[in-house]
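What follows is each chain in one-letter form.
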Amino acid sequence: MKRRHLLAAGSAAMALPAQAMDFAAPHAPAAIRASVDRIVDIAVGIRPFRAQGPRIEAERRFGKALVHHYGHGGSGWSLSWGSAQRALALVQASGARPGDRIAVIGCGAIGLTTARTAQQAGYRVRLYAKDRPPRVHSSAATGLWTPDSRIVANEHASDTWQDGWEAMARASFKVHQSYLGLPSGPVEWHDGYVIADDGFDTPLPGHAGEPEYPDLYDRIHDLRPQGRALAPGEHPFRSPHVRRFTQLVFNIPAYQRLLLDDFARDGGELVQRELHTPRDFARLPERVIVNCTGDGARTLLGDAGMTPVRGQTARLIPQPEVGYAVIYRGHNCVALPRRDGLLVAAMGEHDFGSADLQPDRAQSEDAVRRLASLF
Ligand SMILES: Cc1cc2nc3c(=O)[nH]c(=O)nc-3n(C[C@H](O)[C@H](O)[C@H](O)COP(=O)(O)OP(=O)(O)OC[C@H]3O[C@@H](n4cnc5c(N)ncnc54)[C@H](O)[C@@H]3O)c2cc1C
């Protein structure tokens, strides 16, 4: 099955079987205090969508090995570690030896995990970035395990490509698990509810300009518990169509901070620098460079296969008593129980192709009101 559009949570939460494993009904969960005066911050970021899928390939340029590693769409956090392992293999193939210093350009999810993966393999790493967290697009992400969200256009998803994606998703998943149980909680598991007023068989409306995406999630369905449909009385919502799922959640600020701290502890250097043209790669002293510039690659390299996809998240005052996520299907609204706030993602009709970084408060307020209508 192909779809025009995946809700930010990806197909994962949508494709739950109607009857599955037997869960005990949860205790009545605390209601989300969905009110617009609880919005404390709104962040806008760009998903670096590349129709052919992420570019992970090496070229020789200016006498250097240049490893490109960008274009992870709506899946960058989810796929980061597995993708970094593939980029590392290219660094190793370039002839660089452990102990050598390499450059990583970019300090988002992809740059940070690439830098850490290279350090763990014995390289010394210098990170160059125009901006660092929290001023990178990765900081605006929702924080769900969505390895299949806007990651490739259907026409480019050959079987070989899908095999590579699956290997990347599995490798990434494994590393994320090693971040469970830490005091700052960079990675946690949470239950969630998908709510569909009109039932789950109603197709989601297409969004302007979006290509067809392949259905990838079945390949990794074993990586999390199966969900199930809930009967009225088993959930706190007004809607009759509710399913429960269990999902990996990334507490983005804690995750970024930990990665930065670990990077520095292992001798990593961070240099603030913007590259304006590909010639600027030549000016760096390192002979092996990994280009993790995300949407920045669109202008830096003029990659015509890249499309910016705007996204906006609002944070409501944290509610530690709320431990579940909500996906309001067909209403473009996702809520996540993050430690830094109750995160509410809002999807706009014209996000695809838009690089507009201006926050739209009305859009987030609408999403919060739609959420409020559920309780
Ligand atoms: C609203 C929203 C919600 C999302 N939700 C999820 C989610 O739930 N799960 C998930 O897995 N993914 C999610 N994503 C996608 C994920 O955030 C992206 O795939 C990820 O941020 C890409 O990371 P990146 O490191 O490639 O890019 P970025 O975070 O943009 O980092 C790029 C880095 O390169 C630097 N740079 C760029 N150009 C230059 C230059 N010319 N010179 C020097 N430095 C440069 C930047 O300063 C920055 O440091 C979401 C994205 C958005 C916007």
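Predicted model only: the values in this text are computed from it and were never measured.

When its secondary structure is counted, the protein chain shows 7 helices and 14 strands. Against the 2.2 N^0.38 benchmark of 21 Å for 375 residues, the protein chain shows a C-alpha radius of gyration of 20 Å, consistent with a compact globule. Along the longest, intermediate and shortest principal axes, the C-alpha atoms of the protein chain span 65 × 40 × 40 Å. Buried positions account for 58% of the 375 residues belonging to the protein chain. When contacts within the protein chain are restricted to residue pairs at least 6 apart in sequence, those whose partners lie at least 24 apart make up 81%. Surface exposure of the protein chain reaches about 15300 Å², of which carbon and sulfur atoms provide 50%. Counting 44 positive and 40 negative side-chain charges, the protein chain places the averaged centre of each group 6 Å from the other.

The next subject is the sheet that holds strand S10 (residues 288-291). The strand order across the open sheet built from 6 strands is S2-S3-S10-S4-S5-S9, with neighbouring strands paired in mixed fashion. On the outer flanks of this sheet lie strand S2 (55-61) and strand S9 (269-272), each paired with one strand and no other. Sheet twist, expressed as the average angle between the axes of neighbouring strands with direction ignored, equals 20 degrees. Relative to S10, strand S3 (residues 64-70) runs parallel, the two sharing 4 bridges. In the strand pairing of S10, Leu66 is matched with Ile289.

Another point: the site of the ligand. Neighbouring the ligand are 38 residues, the closest being Gly73, Ser78, Asp131, Ser138 and Leu144. Interatomic distance of 3.2 Å between a backbone N/O atom of Ala109 and an oxygen atom of the ligand. A distance of 3.0 Å separates a nitrogen atom of the ligand from a polar backbone atom of Lys130. Within the complex, 97% of the 1000 Å² of free accessible area of the ligand lies under protein. Contributing elements (two or more residues each) for the shell around the ligand: strand S1 (39-50), helix H1 (76-93), helix H2 (109-120) and strand S11 (306-316). Per element, the largest residue contribution to the shell around the ligand is 4 residues, and it comes from S1. Considered class by class, the residues forming the shell around the ligand number 14 nonpolar, 19 polar and 5 charged.

Another point: H2. For H2, spanning 12 residues, the distance from its first C-alpha to its last is 17 Å, which sits close to the expected 16 Å at 1.5 Å a residue. With 11 of its 12 residues buried, H2 lies for the most part within the structure. Residues of H2 that are buried include every one of Ala109, Ile110, Gly111, Leu112, Thr113, Thr114, Ala115, Arg116, Thr117, Ala118 and Gln119, and no others. Contacts from the buried residues of H2 go to S3, H1, strand S4 (101-105), strand S5 (124-129), helix H4 (252-265) and S10. Just beyond H2, the residue with positive phi is Gly122, at close to 100 degrees.

Pairing between the strands of a sheet is mediated by backbone hydrogen bonds and can be parallel or antiparallel. Strand order in the open sheet formed by 8 strands is S1-S11-S14-S13-S12-S6-S8-S7, with mixed pairing between adjacent strands. Edge positions in the sheet fall to S1 and strand S7 (228-230), since each of these pairs with one other strand and no more. Neighbouring strand axes in the sheet, compared pairwise and without regard to direction, differ in orientation by 30 degrees on average. Pairing analysis gives 6 bridges linking strand S13 (residues 333-338) to strand S14 (residues 341-346), with the strands arranged antiparallel. Bridge pairing in S14 links Arg338 to Gly341. This element, helix H3 (residues 159-177), spans strand S6 (187-195) and strand S8 (242-250) of the sheet and lies at about 75 degrees to S8.

What counts and how
Residues numbered from 1 in each chain as written. Predicted model: local features only at pLDDT ≥ 70, side-chain atom pairs only at ≥ 80, totals over all residues. Heavy atoms only, no water. Helix = DSSP H or I, 4+ residues; strand = E, 2+ residues; numbered from the N terminus. Rg over C-alpha atoms; globule rule 2.2 N^0.38 Å. Buried < 20%, exposed > 50% of the residue type's maximum accessible area, 1.4 Å probe, protein only. Contact = heavy atoms within 4.5 Å. Areas by Shrake-Rupley, 256 points an atom, 1.4 Å probe, with all protein chains shown as cover. Lys, Arg positive; Asp, Glu negative; His and termini not counted. Charge placed at Lys NZ, Arg CZ, Asp CG, Glu CD. Pairing = 2+ DSSP bridges. Axes fitted to C-alpha atoms, helices over the stretch in contact; angles between N-to-C directions. Near = heavy atom within 4 Å. Polar contact = N/O pair within 3.5 Å; in protein donor to acceptor, adjacent residues only side chain to side chain. Nonpolar A, V, L, I, M, F, W, Y, C, P; charged D, E, K, R; others polar. Expected span 1.5 Å × (residues − 1).

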